[in-house]
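# Architecture at a glance
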Amino acid sequence: MTMTTESVSASAAADTGANLQALPWPYKPLDPETTAERANEGFYKAECMYGVFESIAGATAERLRSPYKDFPFLMMKYGGGGINGWATVCGALAGGAAAFQLLSSDPGPLVDALFAWYETEALPDFYPQNAKFSAIKSISGTPLCHTSITEWCKAAKKHTYSPEQRELCGALAGSVARKAVLLLNDQIAVKPISAALPPATQNCLSCHGRGGVLQNTGGKMNCDGCHSVTGKHRSY
Ligand code: HEC
Ligand code: HEC
């Protein structure tokens, strides 16, 4: 059977498309420090979500070459400032979660571990070599851009939308990318991933979450980040 030029190129395109679409892409451990620097640089190109996602998925795609490197990484720019400046989920975390979905056969525990770490860790814990401002750290208490930035501005006595806050977000992109790669590397090395929610969150959810007596909320965020229920909270 003779194939026309058209049908040959069509089937070649179908093959490369299938490689690109098969999840997960084959991941090999990346260097956490190089990734953190790359995420920080990416932040200044197209914001936090792009910075984190591209530092991991882009580096992997470079190793795998075509068709992987043709992925439109810049689409992740939308996550900047907690999604186009809405200060919802931290875009750096969203970028990490997207990379997990692309590169892990079991992304859920990685997302849980990354988000729980971000809630409680004093961040940033990475600072670029060319940092201009002092490395002040703060604890966000939630995975949200809003609390993350506001708590930091409070601690650093800086304004939002200032050059200092921008540097913070670049450093956060580096911090989150490094942690994300450590988690991916652990998972591929079959090391245990601690994905349990903090006990305090589990306690609240035991009544308010799925299967609880009230079952009137859900999610996995640290409740104390927004609610303070000591004192007049009804005991059940
Ligand atoms: C032992 C079960 C239980 C646990 C644990 C629990 N709650 Fe509640 N919570 C209740 C009940 C019962 C109410 C009252 C519901 C009503 O009146 O409709 C309530 C009410 C609330 C309300 C509504 C405002 C208020 O204070 O009455 C909030 C917010 C809330 N809980 C948050 C939390 C958070 C955050 C935690 C964890 C720190 C938590 N709850 C742990 C049972 C529980
Ligand atoms: C990002 C902030 C935020 C986080 C984190 C958060 N909540 Fe809330 N929650 C709110 C807001 C805002 C409301 C609506 C206003 C209110 O009633 O306090 C609310 C309402 C509620 C209510 C209904 C209160 C009522 O008056 O009946 C419950 C119950 C509740 N939250 C429980 C939780 C639990 C449990 C968690 C942790 C798993 C949690 N929330 C995490 C912000 C938050």
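Residues numbered from 1 in each chain as written. Chains lettered and ligands numbered in written order. Predicted model: local features only at pLDDT ≥ 70, side-chain atom pairs only at ≥ 80, totals over all residues.

Right, let's get into the overall build of the protein chain. On a plain count of helices and strands, the protein chain comes out with 7 helices and 0 strands. Scanning the protein chain from its N terminus toward the C terminus, one meets helices and strands in the order α-α-α-α-α-α-α. In terms of overall dimensions, the protein chain has a C-alpha envelope of 80 × 50 × 35 Å along the principal axes. Burial statistics for the protein chain: of 236 residues in total, 36% are counted as buried. Restricting to contacts in the protein chain with at least 6 residues of sequence separation, those with at least 24 account for 66%. (Helix = DSSP H or I, 4+ residues; strand = E, 2+ residues; numbered from the N terminus. Buried ≥ 20, exposed ≤ 12 C-beta atoms within 10 Å, placed from the backbone. Contact = placed C-beta atoms within 7 Å.)

Another point: the site of ligand 2. Neighbouring ligand 2 are 14 residues, the closest being Cys 204, His 208, Met 221, Cys 223 and Cys 226. In the shell around ligand 2, the residues fall into 6 nonpolar, 8 polar and no charged. (Near = placed C-beta within 6 Å. Nonpolar A, V, L, I, M, F, W, Y, C, P; charged D, E, K, R; others polar.)

Time to look at the packing of helix H3 (residues 91–103) against helix H6 (residues 163–188). Packing of H3 against H6 leaves a shortest axis separation of 9 Å and a crossing angle of 25 degrees. On the basis of their axis angle, the class for H3 and H6 is roughly parallel. Of the two possible hands of crossing, H3 and H6 adopt the one that is right-handed. Along its contact with H3, which presents Ala 92, Leu 93, Gly 96, Ala 99 and Leu 103, the element H6 presents Leu 172, Ala 173, Val 176, Ala 180 and Leu 184. (Axes fitted to C-alpha atoms, helices over the stretch in contact; angles between N-to-C directions. Parallel < 35°, antiparallel > 145°, perpendicular 65-115°, else oblique. Left-handed = near helix turned anticlockwise from the far one by under 90°.)

Taking 1.5 Å of rise per residue, the 14 residues of helix H4 (residues 107–120) would be expected to cover 20 Å, and the 21 Å separating its terminal C-alpha atoms lies within 8% of that figure. Within H4, the full set of buried residues consists of Leu 110, Val 111, Ala 113, Leu 114, Phe 115, Ala 116, Tyr 118 and Glu 119. Each element contacted by the buried residues of H4 is listed here: H3 and H6. (Expected span 1.5 Å × (residues − 1).)

Moving on to unusual backbone geometry. Note the cis peptide between Ser 66 and Pro 67, where omega equals 0 degrees. Topologically, Pro 67 is positioned in the loop between helix H2 (32–64) and H3. Of note, the bond from Leu 123 into Pro 124 is cis; its omega dihedral lies within 30 degrees of zero at 5 degrees. In this structure, Glu 47 takes a positive phi of about 80 degrees despite not being glycine. Along the chain, the position of Glu 47 falls in helix H2. In this structure, Arg 65 takes a positive phi of about 60 degrees despite not being glycine. You can see Arg 65 is positioned in the loop between H2 and H3. Residue Arg 65 is classed as exposed on the basis of its C-beta count, with 9 C-beta atoms lying within 10 Å.

Another point: the environment of Lys 179. Counting through the fold element by element, Lys 179 comes out in helix H6. With 25 C-beta atoms packed within 10 Å, Lys 179 lands in the buried category. Between the alpha carbons of Lys 179 and Ile 193 there is a distance of 12 Å; along the sequence they are 14 residues apart. Leaving out residues up to four positions away in the same chain, Lys 179 has contacts with Leu 114 and Trp 117.

With 48 residues, the main nonpolar core has Val 52, Ile 56, Leu 93, Ala 173 and Ala 180 as its most contacted residues. Put simply, the parts of the chain that give this core at least two residues each are H2, H3, H4, helix H5 (145–156) and H6. In this view, Ala 173 contacts Ala 39, Asn 40, Gly 42, Phe 43, Cys 48, Gly 51, Val 52 and Ala 92; residues no more than four positions away in its chain are not counted. (Core = buried A, V, L, I, M, F, W, Y, C linked by C-beta atoms within 7 Å.)

Another aspect to go through is the packing of H2 against H3. Their axes nearest at 6 Å, the elements H2 and H3 cross at an angle of 25 degrees. In terms of axis orientation, H2 runs roughly parallel to H3. Helix-helix and strand crossings are classified by hand; for H2 and H3 the assignment is right-handed. Counted together, Glu 47, Cys 48, Met 49, Tyr 50, Gly 51, Val 52, Phe 53, Ile 56, Ala 57 and Thr 60 of H2 and Gly 91, Ala 92, Ala 94, Gly 95, Gly 96, Ala 98, Ala 99, Leu 102 and Leu 103 of H3 form the full contact between these two elements.

Attention shifts here to the domain arrangement of the protein chain. What the domain assignment reports for the protein chain is domain 1 (28–125 + 137–195) and domain 2 (197–236). Summarising the inter-unit geometry, the C-alpha centres of domain 1 and domain 2 are found 27 Å apart. Facing 8 residues of domain 1, the contacting portion of domain 2 comprises 8 residues. For the side of domain 1 that touches domain 2, a count of residues per class yields 2 nonpolar, 4 polar and 2 charged. (Domains from an automatic or database assignment.)

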